[in-house]
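Working through the structure, step by step
Chain residues, written in single-letter form:
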Amino acid sequence: EMRRAVESKLSSLLGAEVTILLKDVEAMNEGQPQKDMLHLPLETKDSIVGTLTVARSIEEFFPPTLLATLTAQTASALEKARLAEESENARRNEEREKFLSALLSSVSHDFKTPLVSVIGALSSLK
């Protein structure tokens, strides 16, 4: 999962534990934010996709512009991964619909062929 990979990379880069809470899992973020932690919004052009949480002590080693760039790149990567997953799910659903339609058409045809024979035979008997 992209979120775990990003957490791992940023943790090693920043030398501090990084946690990413996505907007989809806000239920995990119960209670008040911890004061010794830095909570950075993961903003894309259109929305906030989550929050990056890291020890506040990194502020003395990393300038705010670098942290802003890291959060912007993280948000972009997570958003792209989400969009790719949605696209893949839509493609799978489309393929499944095509398969079900072909199956229904085939079963319908297989039932119609014997029925035509039976109807023809019954007409002959009349």
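The present account deals with the structure reproduced in this document. (Residues numbered from 1 in each chain as written. Predicted model: local features only at pLDDT ≥ 70, side-chain atom pairs only at ≥ 80, totals over all residues. Heavy atoms only, no water.)

**What about the pairing of strand E3 (residues 48-55)?**
Cut-off, in case you're wondering: Only strands joined by at least two bridges in the DSSP assignment are considered to pair. By the criteria applied, helices consist of DSSP H or I runs no shorter than four residues and strands consist of E runs no shorter than two, each listed in order from the N terminus.
As paired elements, strand E1 (residues 18-22) and E3 share five bridges and run antiparallel to each other. When the sheet's bridge partners are listed, Thr19 is paired in E3 with Thr53. Both strand E2 (residues 37-43) and E3 contribute to a ladder of seven bridges, which runs antiparallel. For Pro41, the partnering residue across the bridge sits in E3 and is Thr51. Between E2 and E3, which pair antiparallel in sequence order, lie four residues.

**Here's the deal with the sheet that holds E1**
This is how it is decided: Working convention: axes come from line fits to C-alpha atoms, limited for helices to the stretch in contact. Angles between N-to-C directions cover 0 to 180 degrees. A contact between two residues is defined here by any heavy atoms of the two lying within 4.5 Å.
Here we have three strands laid out as an open sheet, ordered E1-E3-E2, and antiparallel in their pairing. Either end of the sheet is taken by a strand with one partner, and the two such strands are E1 and E2. The average angle at which neighbouring strand axes cross in this sheet is 20°, direction not considered. Along the sheet face, helix H1 (residues 2-14) touches E1 and E3 and points at about 150° away from the line of E1.

**Let's talk about the pattern of salt bridges**
We apply this condition: Here, a salt bridge means any side-chain nitrogen of Lys or Arg that lies within 4 Å of a carboxyl oxygen of Asp or Glu. Using a 1.4 Å probe on the protein chains alone, a residue whose accessible area is under 20% of its type maximum counts as buried, one over 50% counts as exposed, and one in between counts as partly exposed.
According to the stated counting rule, one finds ten salt bridges in the structure shown. Two residues, Glu88 and Arg92, come together in a salt bridge whose shortest N-O distance is 3.4 Å. Here the residue Glu88 and the residue Arg92 both occupy positions in helix H2 (residues 64-125), the gap between them amounting to four residues, near one helical turn. Given a relative accessible area of 27%, Glu88 falls into the partly exposed group. Among the salt bridges present, the one from Glu95 reaches Arg91, with a minimum N-O distance of 2.4 Å. Taken together, the residues Glu95 and Arg91, both in helix H2 and four residues apart, mark about one turn of the helix. We classify Glu95 as partly exposed; its relative accessible area is 46%. In the salt-bridge network here, residues are joined through shared partners; they are Glu88, Arg91, Arg92 and Glu95.

**Looking at the side chain of Thr74**
As for its position among the elements, Thr74 is in helix H2. Relative accessible area serves as the criterion here: at 5%, Thr74 is assigned to the buried category.

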